[in-house]
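Now for the letters of each chain:
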Amino acid sequence: MNPHAKLITSLSLLLGTTITISSNHWMMAWTGLEINTLAIIPLISKSHHPRAIEAAIKYFLVQAAASTLVLFSSTINAWHTGQWDLTQLTHPTSCLLLTAAIAMKLGLVPFHFWFPEVLQGSSLTTALLLSTVMKFPPITILYMSSHSLNPTLLTTMAIASAALGGWMGLNQTQIRKILAFSSISHLGWMSIIIIYSPKLTLLTFYLYSLMTTTVFLILNTTKTMKLSTIMISWTKTPMLNATLMLTLLSLAGLPPLTGFLPKWLIIHELTKQEMTVAATVIAMLSLLGLFFYLRLAYYSTITLPPNSTNHMKQWHINKLTNTPIAIVASLSMLLLPLSPMILISI
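Analysis parameters
- Residues numbered from 1 in each chain as written.
- Predicted model: local features only at pLDDT ≥ 70, side-chain atom pairs only at ≥ 80, totals over all residues.
- Heavy atoms only, no water.
- 1 Å grid on protein atoms, 1.4 Å probe; cavity = no way out; pocket = protein on both sides within 12 Å on 5 of 7 lines; lining within 4 Å.
- Points joined across faces, edges and corners; volume = space filled by probe spheres on them.
- Helix = DSSP H or I, 4+ residues; strand = E, 2+ residues; numbered from the N terminus.
- Nonpolar A, V, L, I, M, F, W, Y, C, P; charged D, E, K, R; others polar.
- Axes fitted to C-alpha atoms, helices over the stretch in contact; angles between N-to-C directions.
- Parallel < 35°, antiparallel > 145°, perpendicular 65-115°, else oblique.
- Left-handed = near helix turned anticlockwise from the far one by under 90°.
- Contact = heavy atoms within 4.5 Å.
- Domains from an automatic or database assignment.
- Buried area = accessible area lost by both parts, 1.4 Å probe.
- Salt bridge = Lys/Arg side-chain N within 4 Å of Asp/Glu carboxyl O.
- UniProt positions renumbered as here; feature names shortened; annotations may be inferred.
- Phe/Tyr/Trp six-rings, centres within 6.5 Å; stacked < 30°, edge-to-face > 60°.
- Buried < 20%, exposed > 50% of the residue type's maximum accessible area, 1.4 Å probe, protein only.
- Lys NZ or Arg CZ within 6 Å of the ring centre and 35° of its normal.

## What about empty space enclosed by the protein?
At step 1: Counted by the stated rule, this structure contains 4 cavities of 30 Å³ or more.
At step 2: By volume, the largest cavity is sized at about 60 Å³.
At step 3: Along the walls of the largest cavity sit Ser 185, His 186, Trp 189, Leu 251, Ala 252, Lys 263, Ser 286, Gly 289, Phe 292 and Tyr 293, which together make up its complete lining.
At step 4: Among the elements of the structure, α9 (175-193), α12 (238-252) and α14 (276-302) are those that each provide at least two residues to the lining of the largest cavity.
At step 5: Top contributing element to the lining of the largest cavity by residue count: α14, with 4 residues.
At step 6: A breakdown of the residues in the lining of the largest cavity according to their chemical character gives 5 nonpolar, 4 polar and 1 charged.
At step 7: Considering only enclosed or pocket space, the second largest cavity measures out at about 50 Å³ in volume.
At step 8: Considering the residues around the second largest cavity, the lining is formed by Leu 33, Asn 36, Thr 37, Tyr 59, Gln 63, Lys 105, Met 134, Pro 137 and Pro 138.

The following block contains the structure:
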């Protein structure tokens, strides 16, 4: 990609995200979302592969529909109440439409179908952006309007997302698709708690982004796209593979790693809200995710050559990202001791 084009798209992504997260007016939030969508499309389609072009078109159509619903929802609310403020969403139809729009933006069940396909058609760097940066503006809008949303609807969507994200990830061999279903599952955890503790949703999103960034950076360094390739990367980078295994276990939510912290706090908060059944169900559904994370961890470190897998050997490894990987990997594994301080701030 042309360096100037890359600079423009990167700046547009930054601008769109900043506009949305700092705005109070619905029109400005919508403008930021649109800038973001238009900025990421060249990054998805830059390889000119038919799958990448298909992913870009799918992404554009879904995001355009979601943005239209956001605009429609805010217009209905302004028509009935005279308010364009993000925090003043009070009309029931507007709340319902906004929930559907943000679910489409994020890839929550039942609007999740586009997300694994788009991630599969993108490069690892673009997939990282789609899984983290592109979800920040919709999460912010959800955070700002959380007090107006329907708790039953959100809880149902959250449990469905946790179930489907875990269930569909079980049989995948492509790592980007596995991480897409992992994202859907984590979004379920975020949306179940947004009404009762919005700050906890943001904390969960930050920690999820941190762990996902670590995984994608390691996969990008070892040039790993599928399970058959991950089996033979141990001989090239044993330390990176050991780090990958620990980060995947952290994503699964095993103590004493960082990923246990948000799940623990969410179950604690749900129990305080007398939602013990929902907490039990979503905790049980996270075992599905644990299975495919353990499968990935097993392939990355325990399945050692020689094996009978047919593969093309890849000798060149990009070593420039080792320092960022060291920083984010340390944070992905060692933040659990900070939980008393986080509990006080929440």
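## Notes on the packing of helix α2 (residues 26-45) against helix α6 (residues 124-131)
At step 1: The contact between α2 and α6 brings their axes to 9 Å, and the two run at 150 degrees. If you check the angle between α2 and α6, you find them roughly antiparallel. The hand of the α2/α6 crossing is left-handed. Of the residues in α6, those touching α2 at Ile 40, Leu 43 and Ile 44 are Thr 126, Leu 129 and Leu 130.
At step 2: Residue composition of the contact of α2 with α6, by class: 5 nonpolar, 1 polar and no charged.

## Digging into the packing of α12 against helix α15 (residues 322-334)
At step 1: α15 packs onto α12 with a crossing angle of 35 degrees between their chain directions and a minimal axis gap of 9 Å. Pair α12 / α15 crosses with left-handed handedness. Every residue of α15 that contacts α12 at Leu 240, Thr 243, Leu 246, Thr 247 and Ser 250 is listed here: Ile 325, Ala 329, Ser 332 and Met 333.

## Details of the domain arrangement of the protein
At step 1: Annotation of the protein at the domain level lists domain 1 (1-127) and domain 2 (150-345).
At step 2: Taken over C-alpha atoms, the centre of domain 1 sits 24 Å from the centre of domain 2.
At step 3: Counting residues at the interface gives 19 residues for domain 1, matched by 22 residues for domain 2.
At step 4: Both sides of the domain 1 and domain 2 interface together cover about 1800 Å² of buried area, and 74% of this is carbon and sulfur.
At step 5: Three residues stand out in domain 1 for area buried against domain 2, namely Val 109, Gln 120 and Leu 124, and they jointly supply 38% of the buried area on that side.
At step 6: In this assembly, domain 1 and domain 2 are joined by 1 salt bridge.

## Points about the UniProt feature "signal peptide" (unreviewed entry) in the protein
At step 1: Following the UniProt record, the feature "signal peptide" (unreviewed entry) maps to residues 1-23 here.
At step 2: The span residues 1-23 is 87% helix and 0% strand, and its two end C-alpha atoms sit 32 Å from each other.

## Topic: the packing of aromatic side chains
For any pair of aromatic rings, the description consists of the separation of the ring centres together with the inter-plane angle of the planes.
At step 1: Evaluation of the coordinates by the stated rule reveals 8 aromatic pairs.
At step 2: When the centroid spacing of 4.9 Å and the interplanar angle of 45 degrees are considered together, the rings of Phe 292 and Tyr 293 count as tilted. Side by side, Phe 292 and Tyr 293 carry an identical accessibility label, which is buried.
At step 3: Within the aromatic cluster, the residues linked to one another by ring pairs are Tyr 59, Trp 114 and Phe 115.
At step 4: Note that Lys 135 overlies the ring of Phe 115, its terminal NZ or CZ placed 3.9 Å from the centroid.
At step 5: The side chain of Lys 263 reaches across the aromatic face of Trp 189, ending 5.2 Å from its centre.

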